[in-house]
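# Survey of secondary and tertiary structure
Now for the letters of each chain:
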Amino acid sequence: MSDALLTPQQRDLRDEARAFVRHSVPRQLLLDMDAEQVRYPHQYIEDLAQHHLLGLRFPTAYGGRGLDWSHEVLALEEIGVLGASLACLYSLPSIVGEALHVFGTAEQKERYLKPILAGKLTVAEALTEPRGGSDFFGATTTMTRQEDCYILNGQKRFIVGAEGADLFLVYARSKEDGAGHTAISTLLVERGPGVEVQHVYGLMGTRGGGTGRVYFRNVQVPLHNLVGKEHGGYEIFNQMMIPERMTSAAGALGLARAALEIAARYSNQRKAFGQKIREFEGVSFKIADSLTRLDAARALVYHTARIIDAAGNSGYVRRMVSEAKKFATDTAWAVVNDAMQVMGGIGYTNVYPIERLLRDARLMTIWTGTNEIMNLVIQHEYYRQLLAQPASARDVEADALNADADGEKIFE
Ligand SMILES: Cc1cc2nc3c(=O)[nH]c(=O)nc-3n(C[C@H](O)[C@H](O)[C@H](O)COP(=O)(O)OP(=O)(O)OC[C@H]3O[C@@H](n4cnc5c(N)ncnc54)[C@H](O)[C@@H]3O)c2cc1C
């Protein structure tokens, strides 16, 4: 974002996050995570908390900074430079914290939100199941109410942070019958008896973030760990999808920016046929296209952040958030892919981090709702809004010579 558009407070926060990324994250951590020698970077979470960078939007009383989305996206873009694993782990307190902040009881906020933001309690969010992620409301994990607790049974997969998490935010079916969106509830589940996490081998990228499969076998969850209302998971899901998708979108900007910078600098040094490769249009136009795409994606993400700040949650907000997630992550993929092309063979090796960023970027179009699911939301909310009101500024349809030829307007 251009400095000219930032307030002094926004600039300071951006610079703070940038300084953290530059000075507080050891290079070796990134390498060890990619090699799966680190399975969960506890120290990184503690360092973020020490720098007071977790859960920026939440009230100061709980350890946040009481800021808004227009601020949080600035920090997220900077953290995104570290790649998808560290960006996602940074985002989890923002995502799980949203459910606690908006729907949690005072006791839940005190008991969970505070230590999460202090880096003392690590979290994961468990939505996806082996039988389907996009079809989320078809979840088959069940919770059954007993006198003094819920009994949770089922399994979740691809859960980032699972290996290190002390606390899981879990969606489960709380009613046997009824459509999923009326039958799902949300629980806070502490790691304990009946909770088993298995390491997921063989991720293409986004490694070292503790992605795992989680089994719940007759887990006793206290009744007071229900978030919101019983069977009220749909509402919580809709709210959580704002941070879920905005964190992906803003993180993707940083990741793509990092790759683009490496490729642009490389093209200014590398020579072929007696000249710098940036002097070939085939190279410099790729840089120009990438930059334009990235600036457009950033504009959409930052604009959406302001819309959320102004409008809270609504169908329109859901549409904009989905547009931002889709466009920013598709852009990141295209930009990193072109960065690799600009660098030629060396870009495909681990002499440069482009190949790691490419592996990370690929996931971003899949997780937090695939970009096809983003399209589903975008068209749904657009049609809903469009068809609920008359034509906008003017009846443009009437501005045709034969507009009144009703006999020609055949629809069936
Ligand atoms: C490394 C990793 C980390 C993850 N982290 C987490 C996490 O922390 N927590 C969590 O809960 N989940 C997580 N996920 C899960 C992720 O969000 C899901 O993988 C994703 O939502 C897609 O679900 P699926 O894999 O079941 O694919 P499916 O739902 O089976 O989809 C397969 C294909 O069908 C398409 N499709 C499905 N339905 C439609 C439709 N209606 N219209 C058009 N196309 C459709 C999809 O777009 C996709 O291309 C993670 C996944 C990975 C790989």
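Our structure is the block above this text.
This one's a predicted model, so the numbers in the text were calculated from it and none came from an experiment.

Conventions and cut-offs
Residues numbered from 1 in each chain as written. Predicted model: local features only at pLDDT ≥ 70, side-chain atom pairs only at ≥ 80, totals over all residues. Heavy atoms only, no water. Helix = DSSP H or I, 4+ residues; strand = E, 2+ residues; numbered from the N terminus. Rg over C-alpha atoms; globule rule 2.2 N^0.38 Å. Buried < 20%, exposed > 50% of the residue type's maximum accessible area, 1.4 Å probe, protein only. Contact = heavy atoms within 4.5 Å. Areas by Shrake-Rupley, 256 points an atom, 1.4 Å probe, with all protein chains shown as cover. Lys, Arg positive; Asp, Glu negative; His and termini not counted. Charge placed at Lys NZ, Arg CZ, Asp CG, Glu CD. Salt bridge = Lys/Arg side-chain N within 4 Å of Asp/Glu carboxyl O. Near = heavy atom within 4 Å. Polar contact = N/O pair within 3.5 Å; in protein donor to acceptor, adjacent residues only side chain to side chain. Phe/Tyr/Trp six-rings, centres within 6.5 Å; stacked < 30°, edge-to-face > 60°. Lys NZ or Arg CZ within 6 Å of the ring centre and 35° of its normal. Core = buried A, V, L, I, M, F, W, Y, C linked by side-chain atoms within 4.5 Å. Axes fitted to C-alpha atoms, helices over the stretch in contact; angles between N-to-C directions. Parallel < 35°, antiparallel > 145°, perpendicular 65-115°, else oblique. Left-handed = near helix turned anticlockwise from the far one by under 90°. Nonpolar A, V, L, I, M, F, W, Y, C, P; charged D, E, K, R; others polar. Pairing = 2+ DSSP bridges.

### Some remarks on the overall build of the protein
Helix and strand counts for the protein stand at eleven helices and ten strands. Its C-alpha atoms give the protein a radius of gyration of 23 Å, within 12% of the compact-globule value 22 Å for 412 residues. For the protein, the C-alpha atoms occupy an extent of roughly 80 × 70 × 40 Å along the three principal directions. Residues counted as buried form 52% of the 412 residues belonging to the protein. Considering only contacts in the protein between residues 6 or more positions apart, those separated by 24 or more positions represent 74%. Here the protein has roughly 19,400 Å² of accessible surface; of this, 51% comes from carbon and sulfur atoms. One way to put it: in the protein the 44 positive side-chain charges average out to a point 5 Å from where the 50 negative ones average out.

### Here we look at the pattern of salt bridges
Counting across every chain of the model gives 27 salt bridges. In this structure, Arg257 and Glu77 form a salt bridge, with 2.9 Å as the shortest nitrogen-oxygen distance. Residue Arg257 is found in helix H7 (residues 233–269), and its partner Glu77 is found in helix H4 (residues 69–80); the two are separated by 180 residues along the sequence. Residue classification places Arg257 among the buried residues on the basis of a relative accessible area of 16%. You can call Glu77 buried: its relative accessible area is 2%. Salt-bridge contacts for Arg298 lead to Glu77; the nearest nitrogen and oxygen are separated by 2.9 Å. Of the two residues, Arg298 is situated in helix H8 (residues 281–311) and Glu77 in helix H4; the sequence distance between them amounts to 221 residues. By the burial criterion, Arg298 is buried, and Glu77 matches it. A single network of salt bridges, built from pairs that share partners, joins Arg18, Glu77, Glu78, Arg257, Glu261, Asp295 and Arg298.

### Examining the site of the ligand
Of all residues adjacent to the ligand, which total 18 residues, the nearest are Thr128, Gly133, Ser134, Phe158 and Thr370. One nitrogen or oxygen atom from the main chain of Leu127 is found 2.9 Å from an oxygen atom belonging to the ligand. Thr370 is positioned with one of its side-chain polar atoms (N or O) 2.7 Å from an oxygen atom of the ligand. Relative to its unbound accessible surface of 970 Å², the ligand loses 67% to contact with the protein.

### Structural notes on the packing of aromatic side chains
Under the definition given, this model contains eleven aromatic pairs. Ring pairs connect the aromatic residues Phe136, Phe137, Tyr171, Tyr234 and Phe237, which therefore count as one cluster. Here the basic side chain of Arg362 rests over the ring of Trp333, its NZ or CZ set 5.3 Å away from the ring centre.

### Some details on the environment of Val197
Tracing the backbone shows Val197 in strand S6 (residues 195–199). Taking the relative accessible area as the measure of exposure, Val197 reaches 22% and is therefore partly exposed. The sequence separation of Val197 and Tyr112 amounts to 85 residues, and the corresponding C-alpha distance is 21 Å. If sequence neighbours within four positions are ignored, Val197 has contacts with Ala162, Glu163, Phe168, Arg191, Arg213 and Val214.

### Some words on the nonpolar core
Within the largest apolar cluster, 103 residues are counted, with the highest numbers of intra-cluster contacts made by Tyr44, Ile79, Tyr90, Tyr171, Met246 and Val301. Of the residues forming this core, the biggest block, 17 residues, is contributed by H7. Setting aside residues no more than four positions away along its own chain, Ile79 makes contact with Phe20, Val21, Tyr44, Leu48, Leu86, Ala87 and Tyr90. The next biggest cluster of nonpolar side chains, apart from the first, holds 19 residues, and it includes Ala124, Ala126, Ala165 and Leu226.

### Topic: the packing of H7 against H8
Running from N to C, H7 and H8 cross one another at 155°; their axes reach a closest spacing of 10 Å. Overall, the two elements H7 and H8 adopt an arrangement that is roughly antiparallel. As H7 runs across H8, the sense of the crossing is left-handed. Across from Ile242, Met246, Ala249, Ala250, Leu253, Ala256, Arg257, Leu260, Ala263, Ala264 and Ser267 in H7, the residues of H8 making contact are Val283, Ile287, Ser290, Leu291, Leu294, Ala297, Arg298, Val301, Tyr302, Thr304, Ala305 and Ile308. Taken together, the residues of the contact of H7 with H8 sort by class into 18 nonpolar, three polar and two charged.

### Regarding the pairing of strand S7 (residues 212–222)
The side chains of a regular strand alternate, residue by residue, between the two faces of the sheet. Sheet topology places strand S3 (residues 149–159) next to S7; eight bridges connect them, and they run antiparallel. Bridge assignment links Gln155 to a residue of S7, and that residue is Tyr215. As paired elements, S6 and S7 share five bridges and run antiparallel to each other. Bridge pairing links Glu196 to Tyr215 in S7.

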